[in-house]
Amino acid sequence: MTDVIKTADREGVRIITIDNAPVNAISAAVRTGLLAATKAADADPAVKAIVVTGAGRAFIAGADIREFGKPPAVGVPTLRDNIAALEACSKTVVAAINGAAAGGGLEIALGCHYRVAHPKAVLGLPEVNLGTIPGATGTQRLPRAVGIEAALDMIVNGVLIPAAKCPPGLADEVAEDVVGNAVALALAKPVRRLSKDDSKLAAAKAKPALFDEYRKGMARRFRGFTAPYKCVEAVELSVKFPYAEAVAKEREIFTWCQGQPEARGMRHVFFSEREVARVPSIAKDVKPRELKSAGVIGCGTMGGGIAMNFANAGMSVTVIETDTAALEKGLGLIRKNYAGTVEKGRLSQAEMDKRMGLIKGSTSYDDLKTPDIVIEAVFENLDLKKQIFGKLDRVAKPGAVLATNTSTLDVDAIAAATGRPQDVVGTHFFSPANVMKLLENVRGARTSDETAQTAMELARRINKVGVMVGVCDGFVGNRMLYAYSRQASFLVEEGAAPEQVDKAIYDFGFPMGPFQMSDLAGLDVGYMVRMERKERAPTNRRYANAVADRLYELGRYGQKNGKGWYLYDAQRNRSADPAVAALIEQVSKEQCRPRRAIGADEIVERCMYALVNEGAKILDEGIAARPLDIDMIWIFGYGFPRYRGGPMFWADEVGLPKLLERLEHYWKTADRDWLEPAPLLRKLVKDGKTFRDWAAKV
Ligand SMILES: NC(=O)c1ccc[n+]([C@@H]2O[C@H](COP(=O)([O-])OP(=O)(O)OC[C@H]3O[C@@H](n4cnc5c(N)ncnc54)[C@H](O)[C@@H]3O)[C@@H](O)[C@H]2O)c1
């Protein structure tokens, strides 16, 4: 046997153990060893039955990720060979699922004649999350084990389900002593082969329309994705074709999916989600500080949501407000928020009470003496923030992390208001803070490694994707957003209607376009920021917010008062407003911008290429360490379509020479110096390199 496959006999039953730490991934060595062990056990007259199990905490957590996207190794058995051999055994084969059985791991278990699962084991076929379908008989065996509808749910959603909650038919027994029970079952039961058993397909065969109905139900959730629909198509094969033919077609679909940009994008996101936690600028051996309790200053829109994150993670949190009335209001909003979730049946009343019990309100900074981390979320005003950090410096215990949720202010200036700038860091949450997955952590010039590492640990603790960035105006996310929104505004001044821009961006895969977003956020918010920053310069042709300013001045604040870029009815349905179209035409005239017809391609190119261009500058400046950091920020904070892998990954897919050529074109054909290509982009194209190549150096 190879050293990743161990065998032992118990009561005449051959126990084959896969021992490929850390998660028993099905590497080439595992496949080779498992095939040999299966055949040897079947051929050995002393062996009465066979049990397959995993060493350590996993059964088999899936394929070997190092083999992803690579051609199959020559001369090595495939996963399908293993599954076929297990099922073909003349002796009963039982999978003893001691831990996670995911992807190829569950397909192996489905090749076995019976399955015993540990109560803590999780089972599932998550291939859809990698932009593909289960490709080793999973789409044909799972429906035969649990029926079509349950199989569709598992395969299309790609979630791992605890053994106790698995649909009937997946595990024959759920037991603590998986191997013991599997041995007993193997000795007691005859051979049984899923590939020969169509009984659970009968209901669907009688109702073929169910697949189209299922697809209809997916439309909203999977807009723009292909793989989830390919999963349905593959499962549907099980009722249309005999097993062998369906399996061959499953393989074709799998191979097709693997070659699509979606699979590349989803693989990139899968790896990046893990990689992003490793921050190159933090020395490897630096440990985060302990985080047991937290403080939040300001219980408004953001502070309330931030406090909920701590309570949700089981941490006690003290929230500070200016007076009792503001405190009551803030705590009331948190309560209302939780109550809404309870009403929807997604949280129990007892759990809500427990979480509310972890949140303590106060109007005294003295209550910030004990927390391990304090996050400030008061109004966006530098003087106020400096004053608060000065106070915090006097009360917070030594070693406490002092964080600010500022979205635009200089973290270094805030840190300088304390005597301990090494403990100060930006933790930029996104709204709604209790929902959005991104935590953009901002490392100041003097932030220590330990503090930075603790901010990353904070993200992990509260179940967010933490990304470390450096200090600059708007940090990474909003700085890039600004470049993109500018293009959107100019497009409108040059002839595109707001609804046309929004549709092009929506069709690209974002949840909404820039003008819908502006109406949702409130036109007053952007206007105040521009005034505060003294940005307004309506006669300057490079100033992008001439229309937005005018809309605000006409009292059009967006959804909050029923009119902004669009008109809204009482149900918040939006429609284009001729008055807005007229205003835009007038502004175009004033700005001397000739209007022309603009197509969806130009809209997407100008908005998205501007985004990538700004990303290139950010990388060059070292504000983001790697393209993947930017990709994660845009996917988890701004709704960039996941299946495109993030803006920088997508740029490589588009091809940097093409992207540069178009940027040059837009830059040169008008006085749009804001589209001047970034030096890094030019350099990469000159050297024939991609952002991925550039990242390989980091
Ligand atoms: N709203 C967003 O979408 C968003 C997103 C990311 C970051 N931010 C940033 O988060 C911060 C807060 O924004 P918000 O939208 O929650 O504002 P908000 O106006 O909803 O809340 C601010 C709260 O701070 C309280 N406050 C003011 N001074 C205080 C003091 N001295 N001590 C204690 N509490 C005080 C106010 O009473 C108010 O409840 C800002 O820095 C903002 O830039 C906001």
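Here the structure is shown first, and the text comes after it.
Residues numbered from 1 in each chain as written. Predicted model: local features only at pLDDT ≥ 70, side-chain atom pairs only at ≥ 80, totals over all residues. Heavy atoms only, no water.

### Some thoughts on the site of the ligand
- In the vicinity of the ligand there are 23 residues, among which Met-302, Glu-321, Glu-380, Lys-385 and Ser-407 approach most closely.
- Within the side chain of Thr-301, an N or O atom sits 2.9 Å from an oxygen atom of the ligand.
- A distance of 2.9 Å is found between an oxygen atom of the ligand and a side-chain nitrogen or oxygen belonging to Asn-405.
- Protein coverage of the free-state accessible area of the ligand, which is 830 Å², stands at 77%.
- Mapped by element, the contributors of at least two residues to the shell around the ligand are helix 12 (301-312), helix 15 (382-395) and strand 16 (424-429).
- Ranked by the residues each element gives to the shell around the ligand, the list is headed by helix 15, at three residues.
- Here the residues of the shell around the ligand sort into eleven nonpolar, nine polar and three charged. (Near = heavy atom within 4 Å. Polar contact = N/O pair within 3.5 Å; in protein donor to acceptor, adjacent residues only side chain to side chain. Areas by Shrake-Rupley, 256 points an atom, 1.4 Å probe, with all protein chains shown as cover. Helix = DSSP H or I, 4+ residues; strand = E, 2+ residues; numbered from the N terminus. Nonpolar A, V, L, I, M, F, W, Y, C, P; charged D, E, K, R; others polar.)

### Some points on the sheet that holds strand 9 (residues 161-162)
- Sheet architecture is open: four strands sit in the order 4-6-8-9, paired in mixed fashion. Each edge of the sheet is formed by a strand with only one pairing partner; in this case those strands are strand 4 (58-60) and strand 9.
- In this structure, strand 8 (residues 122-124) lies alongside strand 9, joined through two bridges in antiparallel fashion. Within strand 9, the position partnered with Leu-123 by the bridge is Ile-161.
- Packing against the sheet, helix 3 (residues 104-111) makes contact with strand 4, strand 6 (100-102) and strand 8, and its axis sits at approximately 95° to strand 6. (Pairing = 2+ DSSP bridges. Contact = heavy atoms within 4.5 Å. Axes fitted to C-alpha atoms, helices over the stretch in contact; angles between N-to-C directions.)

### Digging into unusual backbone geometry
- Following Ala-21, the chain continues into Pro-22 via a peptide bond in cis, with omega recorded as 5°.
- Here Pro-22 shows up in the loop between strand 2 (13-18) and helix 1 (28-43).
- Backbone torsion omega between Ser-431 and Pro-432 reads -10°, so that peptide bond is classified as cis.
- Inspection of the secondary structure assignment puts Pro-432 in the loop between strand 16 and strand 17 (438-443).
- With phi around 75°, Thr-137 is a residue other than glycine that occupies positive phi space.
- Phi is positive for Cys-592, which is not a glycine, with a value near 55°.
- Topologically, Cys-592 is positioned in the loop between helix 23 (578-590) and helix 24 (600-621).

### Describing the pairing of strand 11 (residues 293-297)
- Strand 11 sits mainly inside the fold: five of its five residues count as buried.
- Burial of strand 11 is two-sided: the residues Ser-293, Gly-295 and Ile-297 facing one way and the residues Ala-294 and Val-296 facing the other way are all buried.
- The parallel pair strand 11 and strand 12 (residues 316-320) is bridged by helix 12, and the resulting crossover is right-handed. (Buried < 20%, exposed > 50% of the residue type's maximum accessible area, 1.4 Å probe, protein only. Right-handed = clockwise from strand over helix to strand, strands pointing away.)

### Digging into the pattern of salt bridges
- Evaluated as defined, the whole model comprises 47 salt bridges.
- Between Asp-372 and Lys-397 there is a salt bridge, with its nearest N and O atoms 2.6 Å apart. One end of the pair, Asp-372, is in the loop between strand 13 (359-362) and strand 14 (373-376); the other, Lys-397, is in the loop between helix 15 and strand 15 (401-404), and 25 residues separate them in sequence.
- Classification of Asp-372 by relative accessible area gives buried; the value is 12%.
- Using a relative accessible area of 28% as the deciding quantity, one classes Lys-397 as partly exposed.
- With a closest N to O distance of 2.7 Å, Lys-683 and Asp-687 form a salt bridge.
- Residue classification places Asp-687 among the partly exposed positions, given a relative accessible area of 36%.
- A single network of salt bridges, built from pairs that share partners, joins Glu-275, Arg-278, Arg-626 and Asp-629. (Salt bridge = Lys/Arg side-chain N within 4 Å of Asp/Glu carboxyl O.)

### What to know about the packing of helix 18 (residues 477-494) against helix 24
- It is at 8 Å that the axes of helix 18 and helix 24 come closest, and there the two elements cross at 150°. In terms of orientation, helix 18 lies roughly antiparallel with respect to helix 24. Between helix 18 and helix 24 lies a crossing whose hand is right-handed. Contact with helix 18, carried on its side by Arg-479, Met-480, Leu-481, Ala-483, Tyr-484, Gln-487, Ala-488, Phe-490, Leu-491 and Glu-494, involves Glu-602, Ile-603, Arg-606, Cys-607, Met-608, Ala-610, Leu-611, Glu-614, Gly-615, Lys-617, Ile-618 and Glu-621 of helix 24 and no other residues of that element.
- Its residues assigned to classes, the contact of helix 18 with helix 24 shows 13 nonpolar, two polar and seven charged. (Parallel < 35°, antiparallel > 145°, perpendicular 65-115°, else oblique. Left-handed = near helix turned anticlockwise from the far one by under 90°.)

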